[in-house]
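Secondary and tertiary structure notes
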Amino acid sequence: MTAVYIHIPFCEHICYYCDFNKVFLEGQPVDQYIDTLLLEMKMRLEERPVENVETIFVGGGTPTTLTPKQLDKLCGGIRELLPYDEATGEFSFEANPGDLSLDKLEVMRQHGVNRLSMGVQSFNQDLLKKIGRIHTVADVYQSVKNAHQVGFENISIDLIFSLPGQTEEDFKDTLSKALALDLPHYSAYSLIVEPKTIFYNLMQKGKLILPGQDAEANMYGYLMDTMAAHGRQQYEISNFCKPGYESRHNITYWANEEYYGFGAGAHGFLGDTRYSNAGPLKKYMTPLEAGELPTFQTKDLGLNEHIEEEMFLGLRRTKGVSISHFKEKFGKDMFDVYHEPINRFVDKGLMQVEGDQVKLSRQGRFLGNVVFRDFLFER
Ligand code: SF4
């Protein structure tokens, strides 16, 4: 399986919780960025050709800040450069609900985009404002309507819970409104306050009041139960879908498989090497304009790092990590390597061994990060 991630770093506003690689759109050389991005794709693919790309994910930033003309250029370039079969592949775009006009959606559809992932976050207008989003709840309904009208059926929405000032009742209300849209896929993440964000600064000053650990755990428990009651299987810690609607692209990451990353600040994983591109626009574009790749860092993974990643990425999936696949991939028995933490977490009820799979229990999903830490060789 070959997956491709493409990064569009522009945003019309900066959300208070966001630590992604992004820049404020106004005054940026967007057309020039698209040209250099396509150039990077061409150069990397010449260096390491690919026969068949199965999933493409355009993320950001906010890819839907591009104009229809810019989207046409980007998507046309992507389709020209990548050997992608529209009949079998998954081509996703991240979208901001406020941006999904019919003309943009039509351009995407014409180029074979077949999945949308919308950053909805909440159905509470006051909370949206409080976290720095500029779209409205009405935009969400209009965007879903527009997407259906243009023929998109594979739509996912992202939600965030444990937001400042959010009550459990409020999250229940958001979830019920999200499910009333009857979409095939939902992602829901608890808020993590990352350094260098507006929320982090507020927290340092004691001005960010979060719901607290108990409320957060209650919201997560309610999320898992409600999704199951609505026929959305949990296939990853934060992801739920109708059967057959898993994000194939994201599964590549959790299965610890290869992917190309293109664009400012994008990461890729090819062979045994993880690489990242320069993040600031100028540092990304200048080398490309001089005919050089904008690689910022490369890291060759040793066997132990591969093994660690296999575990902490794979354990995010509900089905967990396959014991036989582990042996085939690394030539080692998983229990020889991880006898101690697996037994300890099984005894504590946080992990389960079922047939060929080692996985988190329901209880373990609440404490994923605590479990994952113990699968690192050096802590
Ligand atoms: S959360 Fe998304 S839309 Fe908001 S600033 Fe970050 S990348 Fe941009």
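Residues numbered from 1 in each chain as written. Predicted model: local features only at pLDDT ≥ 70, side-chain atom pairs only at ≥ 80, totals over all residues. Heavy atoms only, no water.

The name an unreviewed UniProt entry assigns to the protein chain is Heme chaperone HemW, from the organism Brochothrix thermosphacta. Looking at the Subcellular location (unreviewed entry) heading of the UniProt record, one finds this comment for the protein chain: "Cytoplasm". Listed in UniProt under the heading Sequence similarities (unreviewed entry), the comment for the protein chain reads: "Belongs to the anaerobic coproporphyrinogen-III oxidase family. HemW subfamily." (UniProt positions renumbered as here; feature names shortened; annotations may be inferred.)

Considering the overall build of the protein chain
Scanning the protein chain for helices and strands turns up 15 helices and 17 strands. Here the protein chain has a C-alpha radius of gyration of 21 Å; the compact-globule value for 379 residues is 21 Å, and the two agree. The C-alpha extent of the protein chain, read off along each of the three principal axes, is 55 × 50 × 45 Å. Across the 379 residues that make up the protein chain, the buried fraction comes to 53%. (Helix = DSSP H or I, 4+ residues; strand = E, 2+ residues; numbered from the N terminus. Rg over C-alpha atoms; globule rule 2.2 N^0.38 Å. Buried < 20%, exposed > 50% of the residue type's maximum accessible area, 1.4 Å probe, protein only.)

With respect to the pattern of salt bridges
Here the structure, examined in full by the defined rule, presents 18 salt bridges. We note a salt bridge from R232 to D182, for which the minimum N-O separation is 2.9 Å. Linking R232 in the loop between α8 (213-229) and β9 (233-236) with D182 in the loop between α6 (168-180) and β8 (185-190), this pair joins segments that are 50 residues apart in sequence. In this structure, E309 engages R274 in a salt bridge whose closest nitrogen and oxygen atoms are separated by 2.5 Å. Taken together, the residues span a long stretch of sequence, with E309 in helix α11 (residues 303-314) and R274 in strand β13 (residues 273-277) at a distance of 35 residues. One continuous salt-bridge network, built from bridges that share partners, spans D182, R232 and K242. (Salt bridge = Lys/Arg side-chain N within 4 Å of Asp/Glu carboxyl O.)

Considerations on the site of the ligand
What surrounds the ligand is the set C11, H13, I14, C15, Y17, C18, F20, G61, T62 and R133. When the residues that make up the shell around the ligand are grouped by side-chain class, the tally is six nonpolar, three polar and one charged. (Near = heavy atom within 4 Å. Nonpolar A, V, L, I, M, F, W, Y, C, P; charged D, E, K, R; others polar.)

What about the sheet that holds strand β17 (residues 357-360)?
Overall, antiparallel pairing links the three strands, which are arranged β15-β17-β16 in an open sheet. Every interior strand has two partners, whereas the edge strands, β15 (321-322) and β16 (351-354), have only one. The pairing of β16 with β17 spans four bridges and is classified as antiparallel. Paired with M351 across the strands is L360, a residue of β17. (Pairing = 2+ DSSP bridges.)

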